[in-house]
Amino acid sequence: MSGTRKIIPIKKITQPRPQYDCTKCPGYCCSYALIEITKRDIARLAKHFGLTERQARQRFTKYDRGTKVWVLRHQKDEHFVTICRFFDTKKRCCTIYDVRPGVCRDYPDVPRCGYYEFLKFERAQQGDEEFVATTS
Ligand code: SF4
Ligand code: SF4
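Here the structure is a predicted model, which is why all the values come from computation and not from measurement.

## What to know about the packing of aromatic side chains
- This model, assessed by the stated rule, comprises nine aromatic pairs.
- Aromatic pair Y28 and F80: ring centres 5.1 Å apart, planes at 55°, arrangement tilted. Taken together, the residues span a long stretch of sequence, with Y28 in the segment before α1 (39–49) and F80 in the loop between β3 (74–77) and β4 (81–84) at a distance of 52 residues.
- On the basis of an interplanar angle of 70° and a centroid distance of 6.1 Å, the ring pair of Y28 and F118 is categorised as edge-to-face. With a gap of 90 residues between them, Y28 in the segment before α1 and F118 in helix α4 (residues 114–126) connect regions that are remote in the sequence.

Below is the structure:
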């Protein structure tokens with residue numbers, strides 16, 4: 001072996017570009033009935049709103065007996081019946097984007113979002129870029 005050591009170039013790790021645009025979506029994922037919250041999420045929300053963790057838990061979450069997890073509370077919504085309490089139902093976006101729970105950050109965890117594909121298809125069918133297709 002020669003004295004020259006080969007340097008293996010570090011591969012540029014690139015994430016595939018997302019094939020969806022949340023700014024054009026009415027927020028299907030935010031209408032999930034059970035959006036699970038962790039202790040870490042509660043701590044982040046409490047800090048953001050200047051509350052104790054107990055206050056944040058009481059104000060923003062509820063316990064789901066069926067699944068035995070703490071989930072985000074909902075509010076009424078014209079398109080999906082109910083939607084996350086932190087969703088701006090007029091602007092159709094998250095009001096706590098920078099401090100949103102981990103589960104919201106991770107979703108959809110793949111480059112494509114099934115809901116967005118569905119939305120694009122339905123809008124093309126209707127010839128209306130503002131059309132809000134519902135899943136029920
Ligand atoms: S359903 Fe998909 S496109 Fe719509 S807000 Fe959620 S992640 Fe974004
Ligand atoms: S916290 Fe924000 S991103 Fe998460 S479900 Fe609620 S509105 Fe959607």
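## Comments concerning the layout of surface pockets
- Space inside the largest pocket adds up to approximately 900 Å³.
- Residue assignment for the lining of the largest pocket shows that the elements contributing at least two residues are β6 (93–94), α3 (102–106) and α4.
- At four residues, α3 tops the list of elements feeding residues into the lining of the largest pocket.
- When grouped by side-chain class, the residues that make up the lining of the largest pocket number 29 nonpolar, three polar and six charged.
- Size it by volume and the second largest pocket reaches roughly 170 Å³.
- Around the second largest pocket, the lining residues are T23, K24, C25, P26, H79, K91, R92, R123, E129, E130 and V132.

About the thresholds
Residues numbered from 1 in each chain as written. Chains lettered and ligands numbered in written order. Predicted model: local features only at pLDDT ≥ 70, side-chain atom pairs only at ≥ 80, totals over all residues. Heavy atoms only, no water. Phe/Tyr/Trp six-rings, centres within 6.5 Å; stacked < 30°, edge-to-face > 60°. Helix = DSSP H or I, 4+ residues; strand = E, 2+ residues; numbered from the N terminus. 1 Å grid on protein atoms, 1.4 Å probe; cavity = no way out; pocket = protein on both sides within 12 Å on 5 of 7 lines; lining within 4 Å. Points joined across faces, edges and corners; volume = space filled by probe spheres on them. Nonpolar A, V, L, I, M, F, W, Y, C, P; charged D, E, K, R; others polar.

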